[in-house]
Amino acid sequence: MNRKQFLAAAASLPLTGIAAKLNSLNKFIDGLNNSPKMPVLFLGHGSPMNAIEDNEFVQGFKKISHEIEKPTAILVISAHWETRGTYVTAMENPVTIHDFGGFPQALFDVKYPAPGSPELADAVQKIVTSKEVHLDEKWGLDHGSWSVVKHLYPNADVPIIQMSIDYTMPASEHYALAKELATLRNKGVLIIGSGNNVHNLRMVSWQNLNTVGYGYDWAIEANEMMKGYIRSGNHKPLIEFHKQGREFELAIPTPEHYLPMIYALALQEDKEELQIFNDAAVAGALTMTSFKIG
């Protein structure tokens, strides 16, 4: 039951019942240990091969993990889980999903056996009030999640859940939903958006797939414009990305890889430190640009 459902049900209860349920909800959220405010990450995950390679982007992921206090749990918004409605994984042991094809067997052999966290899934369901959040027992960890988190926490010893991207919602609603997750930052939860801010597979230069720094003019320009807005804290043009001209149109032909960045930016507070890393184009039409907030 999410908070909207709870409030509707509470209206029919005697005052003692309402007080009991409110107390139960508050105890559940408060039961998550308080911690110093956790940072927020947006990770450009790029090719699934980054999961098994040791390149400059992987080194960037590893380096940033050393700058972060080990979290009590992780919440990932991955470009690779789109749904009608909003879901969070709620199983004890999420499976490693190999949601790709045409790659070496070594990539399909990778398992990331981190535990799930039904408790964190319940907490997310309770604290989000703008949308109904559904608990999912079937999905697991897709490669937008495990291919990067395995470099942050290779021992797979941090509980992890995923939140889906509701493809029916505009970016403004994703931004508003993400803001409701802010309290988790004070409970030891590391929130990660995993996608790519510039991502146009239809225009990839396959012969330059492994050429770091190779980007079409429009991809470089879109990336620079986005970073300018990010650095200035001006999120409105990024939310209204469909109004920003040809470079953005080419950079974001579909929004699923872009929206995880919107989730991360929504959690940025005034004057929080911003660190951009892995800032390079690959294959002409992709950028690996990543950042840490806080």
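Placed above this text is the structure.
What you see is a predicted model, and the numbers here were worked out from it, not measured in a lab.

(A) The pairing of strand β2 (residues 73–83), seen in detail. Of all 11 residues making up β2, 9 are buried, and the element is well covered by its neighbours. The pairing of β2 with strand β6 (residues 189–195) spans 6 bridges and is parallel. Bridging across to β6, Ile74 finds its partner in Leu190. Pairing geometry for β2 and strand β5 (residues 160–166), over 6 bridges, is parallel. Residue Glu82 lies in a different strand from β5, and its bridge partner there is Ile165.

(B) Up close: the packing of helix α3 (residues 56–66) against helix α6 (residues 143–152). Contact geometry for α3 and α6: axes closest at 7 Å, N-to-C directions at 55°. Comparing the axis directions of α3 and α6 gives the class oblique. The handedness of the crossing between α3 and α6 is right-handed. Of the residues in α6, those in contact with Val58, Phe61, Lys62, Ile64 and Ser65 of α3 are Val148, His151 and Leu152.

(C) Representation of unusual backbone geometry in the model. With phi around 55°, Ala156 is a residue other than glycine that occupies positive phi space. If you trace the backbone, Ala156 turns up in the loop between α6 and β5. For Ala156, a relative accessible area of 10% corresponds to the buried category. One non-glycine residue, Lys271, lies in the positive phi region at around 65°. For Lys271, the location among the structural elements is in the loop between α11 (259–266) and β7 (274–277). Residue classification places Lys271 among the exposed positions, given a relative accessible area of 86%.

(D) Quick peek at the environment of Glu92. Topologically, Glu92 is positioned in the loop between β3 (86–89) and α4 (105–108). Taking C-alpha positions, Glu92 is 9.5 Å from Glu119, a pair spaced 27 residues apart along the chain. With sequence-adjacent residues up to four places away left out, Glu92 is seen in contact with Pro115, Gly116 and Pro118.

(E) Spotlight on helix α8 (residues 217–232). Between the first and last C-alpha of α8 there are 23 Å, a value that for 16 residues agrees with the 22 Å anticipated at 1.5 Å per step. Here α8 has its buried residues at Trp218, Ala219, Ala222, Asn223, Met226, Lys227 and Ile230. Within α8, the buried residues cover an arc of 165° as seen down the axis, which keeps them to one side. Facing away from the buried side of α8 by more than 90 degrees, the exposed set consists of Asp217, Arg231 and Ser232. Against α9 (236–239), α10 (246–251), α11, β7, β9 (286–287) and β10 (290–293) lie the buried residues of α8.

Conventions we followed
Residues numbered from 1 in each chain as written. Predicted model: local features only at pLDDT ≥ 70, side-chain atom pairs only at ≥ 80, totals over all residues. Heavy atoms only, no water. Buried < 20%, exposed > 50% of the residue type's maximum accessible area, 1.4 Å probe, protein only. Helix = DSSP H or I, 4+ residues; strand = E, 2+ residues; numbered from the N terminus. Pairing = 2+ DSSP bridges. Axes fitted to C-alpha atoms, helices over the stretch in contact; angles between N-to-C directions. Parallel < 35°, antiparallel > 145°, perpendicular 65-115°, else oblique. Left-handed = near helix turned anticlockwise from the far one by under 90°. Contact = heavy atoms within 4.5 Å. Expected span 1.5 Å × (residues − 1). Arc of directions from axis to C-beta.

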